[in-house]
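The chain contents come next:
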Amino acid sequence: MITDDGAKLLKKKELIEGRKPNYYISAKLAELTGQKANYTKNKGLDKDVYKGFILKHIENHGFATREEIDSLLLNNLPDYMTEKQRKKKIHNLLQEMSGVSIVNNGSRAKSKWVLLKI
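Rules behind the numbers
- Residues numbered from 1 in each chain as written.
- Predicted model: local features only at pLDDT ≥ 70, side-chain atom pairs only at ≥ 80, totals over all residues.
- Heavy atoms only, no water.
- Core = buried A, V, L, I, M, F, W, Y, C linked by side-chain atoms within 4.5 Å.
- Buried < 20%, exposed > 50% of the residue type's maximum accessible area, 1.4 Å probe, protein only.
- Helix = DSSP H or I, 4+ residues; strand = E, 2+ residues; numbered from the N terminus.
- Contact = heavy atoms within 4.5 Å.
- Phe/Tyr/Trp six-rings, centres within 6.5 Å; stacked < 30°, edge-to-face > 60°.
- Lys NZ or Arg CZ within 6 Å of the ring centre and 35° of its normal.
- Expected span 1.5 Å × (residues − 1).
- Arc of directions from axis to C-beta.
- Polar contact = N/O pair within 3.5 Å; in protein donor to acceptor, adjacent residues only side chain to side chain.
- Axes fitted to C-alpha atoms, helices over the stretch in contact; angles between N-to-C directions.
- Parallel < 35°, antiparallel > 145°, perpendicular 65-115°, else oblique.
- Nonpolar A, V, L, I, M, F, W, Y, C, P; charged D, E, K, R; others polar.

**Observations concerning the nonpolar core**
Across soluble globular proteins, nonpolar side chains have a tendency to be buried as a group. By size, the foremost hydrophobic cluster in this structure holds 15 residues, and its most contacted members are I54, I69, L73, I90, L94 and I102. If one sorts the elements of this core by residue count, helix α6 (residues 83-97) sits on top with 4 residues. Apart from the residues within four sequence positions on either side, I54 is in contact with I69, L72, L73, L94, M97 and I102.

**Let's talk about the packing of aromatic side chains**
Applying the stated criterion to the full structure yields 2 aromatic pairs. A centroid spacing of 6.4 Å and a plane angle of 10° characterise the contact between Y24 and Y80, whose relative ring orientation is stacked. Separated by 56 residues along the polypeptide, Y24 in strand β2 (residues 22-25) and Y80 in the loop between α5 (66-73) and α6 bring together distant segments of the chain. Classification of Y24 as buried rests on a relative accessible area of 12%. Given the relative accessible area of 35%, Y80 is considered partly exposed. Chaining the aromatic ring pairs together yields one cluster made of Y24, Y39 and Y80. Lying across the ring of F63, K112 places its NZ or CZ 4.8 Å from the centre.

**Here we look at unusual backbone geometry**
In this chain, K20 is followed by P21 through a cis amide linkage whose omega measures 0°. Its location among the elements puts P21 in the loop between β1 (16-19) and β2. One non-glycine residue, E14, lies in the positive phi region at around 55°. Relative to the assigned elements, E14 resides in the loop between α1 (4-12) and β1.

**Re helix α4 (residues 47-61)**
Counted at 1.5 Å a residue, the expected span for α4 with its 15 residues is 21 Å, and the 22 Å between its end C-alpha atoms agrees. Along α4, the residues classified as buried are Y50, K51, I54, H57 and I58. Considered in projection along α4, the buried side chains sweep an arc of 120° and stay on one side of the axis. Facing away from the buried side of α4 by over 90 degrees, the exposed positions are D48 and N60. The secondary structure elements touched by the buried residues of α4 are α5, α6, β3 (102-104) and β4 (113-115). The opening residue of α4 is D46, an N-cap whose side-chain oxygen sits 3.0 Å from the backbone nitrogen of D48. In the stretch just after α4, G62 is the one whose phi turns positive, near 90°.

**Focus: the packing of α4 against α6**
Between α4 and α6, whose axes approach to 11 Å, the crossing angle comes to 75°. It follows that α4 is roughly perpendicular to α6 by the angle criterion. On the side of α4, the interface is formed by K47, Y50, K51, I54 and L55, while α6 contributes L93, L94, E96 and M97. Looking at side-chain class alone, the contact of α4 with α6 contains 6 nonpolar, no polar and 3 charged residues.

Right, dumping it as structure tokens:
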């Protein structure tokens, strides 16, 4: 366990990133130690990349269920997140996209996300 003072010092020296208690090595340290892939996995991808995955899936298949979206994204979210946090992240992504680029033509229990027709 890292202390608050220790974390502050390590962050100042650009050796760690993240928020308590989910610290991970910085990009600089990952480069030096050959852990760039781990860094990217811990940092997570940009929100737009996740949204792009959802849109591409819907374009390819006509629609997406929540189960399909979970299957598509859950393993791509940062390692430090719990299952509950990952599901919440996906929920938040869908809410941001809802009415802007996609719409749920199904029910709350049986979602069927499709591209929004403009």
